[in-house]
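# Structural description and commentary
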Amino acid sequence: MIWIMAVATLVLAAWRVNWPALMEDKQRQHLCFGGAIALVPLWMLQAGIRDGLEIHFLGLTTLALMLGWRLGLLMATLTLVLITAFGFETWPEFGVNVLLGVILPVSFSYFIFLLTYSYLYRHLFVYIFVAGFFNAALTIAVKTAALAGYMVWSGDYSWAMVQNDYLTILPLLLFPEALLNGMAITLLVVFRPQWMCTFYDRDYLINK
């Protein structure tokens, strides 16, 4: 069931990508693959006490805001393929990792951006601090909680073990994850705003 959900979501994302336009846009191609490769060392820096309960920074909020939902999903999946091939994750858990480690956080991050774009005042600082900084903290919290819930539901670990050895680390991740993404988004908006497909000068800068 998990594999079906993961594959169906990725197929839907790939089907909606404008592939002819992407093939003609060399800069967009470089951004896509550069974003995927940039996440590889970030995801390799894992820490954990028990197998399957490792933690690492995500960086997926930046990827979602830079590439959008569809390409963000596909490129994050490429990152997961690479770190799994390198032995940092296992192939039997690939479906779970795609669903809870890629699809869920990328979709959540992009959904939060859509909420801020639709309901909050469109200003540069709203984009950086709400759609970027706070969004990233919420995203890693949701991803960690979802994986914890899955581990308990699957019977791999008890709730007490997951809570003591995994969830207690979560508060230590919130600010660094938020800061990492907030700084990256700030630099991109200031120096390379054209790289951010969700940032529009007419909405966030002009007449502000």
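Residues numbered from 1 in each chain as written. Predicted model: local features only at pLDDT ≥ 70, side-chain atom pairs only at ≥ 80, totals over all residues. Heavy atoms only, no water.

### So, the packing of helix α1 (residues 2-15) against helix α6 (residues 94-119)
Interhelical geometry of α1 versus α6 gives an angle of 50° and a closest axis separation of 8 Å. With respect to each other, α1 and α6 are oriented oblique. Considering the relative orientation of α1 and α6, their crossing is left-handed. When α1 is examined against α6, the residues Ile2, Trp3, Met5, Ala6, Thr9 and Leu10 are found in contact with a partner set consisting of Phe94, Gly95, Val96, Val98, Leu99 and Ile103. (Axes fitted to C-alpha atoms, helices over the stretch in contact; angles between N-to-C directions. Helix = DSSP H or I, 4+ residues; strand = E, 2+ residues; numbered from the N terminus. Parallel < 35°, antiparallel > 145°, perpendicular 65-115°, else oblique. Left-handed = near helix turned anticlockwise from the far one by under 90°. Contact = heavy atoms within 4.5 Å.)

### Quick word on the environment of Trp195
By the element assignment, Trp195 lies in the loop between α9 (170-191) and α10 (201-204). As for Trp195 and Met183, which are separated by twelve residues in sequence, their C-alpha atoms are 15 Å apart.

### Observations regarding the environment of Met5
Position of Met5 among the secondary structure elements: in helix α1. Accessibility expressed as a relative area gives 39% for Met5, which makes it partly exposed. (Buried < 20%, exposed > 50% of the residue type's maximum accessible area, 1.4 Å probe, protein only.)

### With respect to the side chain of Asn181
Relative to the elements of secondary structure, Asn181 occurs in helix α9. Polar side-chain contacts of Asn181 include one of 2.8 Å to the side chain of Thr62. A polar contact is formed between the side chain of Asn181 and the backbone oxygen of Glu177, at a distance of 2.8 Å. Setting aside residues up to four positions removed in sequence, Asn181 forms contacts with Gly59, Leu60, Thr61, Thr62, Gly132 and Ala136. (Polar contact = N/O pair within 3.5 Å; in protein donor to acceptor, adjacent residues only side chain to side chain.)

### Structural notes on the nonpolar core
Core analysis: the biggest nonpolar cluster contains 58 residues, and Trp43, Tyr127 and Met196 have the highest contact counts within it. At the level of elements, α1, α3 (26-44), α4 (60-67), α5 (69-85), α6, α7 (124-154) and α9 are the ones that each hand at least two residues to this core. Element by element, the count of residues in this core is highest for α6, at ten residues. Not counting the four nearest positions on each side in its chain, Met196 is found in contact with Leu65, Met66, Tyr127, Ile185, Leu188 and Val189. (Core = buried A, V, L, I, M, F, W, Y, C linked by side-chain atoms within 4.5 Å.)

### Side note on the packing of α5 against α6
Closest axis-to-axis distance for the α5/α6 pair is 10 Å, and the angle between their directions is 150°. Both α5 and α6 take part in a crossing whose hand is right-handed. Residue-level inspection shows Trp69, Gly72, Leu73, Ala76, Thr77, Leu80, Val81 and Thr84 of α5 in contact with α6, the latter providing Phe94, Asn97, Val98, Val102, Ile103, Val106, Ser107 and Tyr110. Counted by class, the contact of α5 with α6 contains eleven nonpolar, five polar and no charged residues. (Nonpolar A, V, L, I, M, F, W, Y, C, P; charged D, E, K, R; others polar.)

### Concerning α3
Its 19 residues place the ends of α3 28 Å apart at the C-alpha level, agreeing with the 27 Å of an ideal helix rising 1.5 Å per residue. Tucked into the core, α3 has its buried residues touching α2 (19-24), α4, α5, α6 and α9. (Expected span 1.5 Å × (residues − 1).)

### Description of the confidence of the model for the protein
Chain-level statistics for the protein give a pLDDT mean of 92 and a share of 98% at 70 or above. Here α10 stands out as the element of the protein with the lowest mean pLDDT, 84, in contrast to α4, whose mean of 97 is the highest. (pLDDT = per-residue confidence, 0-100.)

### Topic: a nonpolar patch on the surface
A contiguous nonpolar patch, built from Trp3, Val7 and Val11 and spanning about 290 Å² of accessible area, is present on the exposed surface. In this fold, Trp3 is placed in helix α1. Its relative accessible area of 45% is what places Trp3 among the partly exposed residues. (Patch = residues over 30% accessible without salt bridge, like charges linked within 9 Å, V, L, I, M, F, W, Y side chains within 5 Å. Areas by Shrake-Rupley, 256 points an atom, 1.4 Å probe, with all protein chains shown as cover. Salt bridge = Lys/Arg side-chain N within 4 Å of Asp/Glu carboxyl O.)

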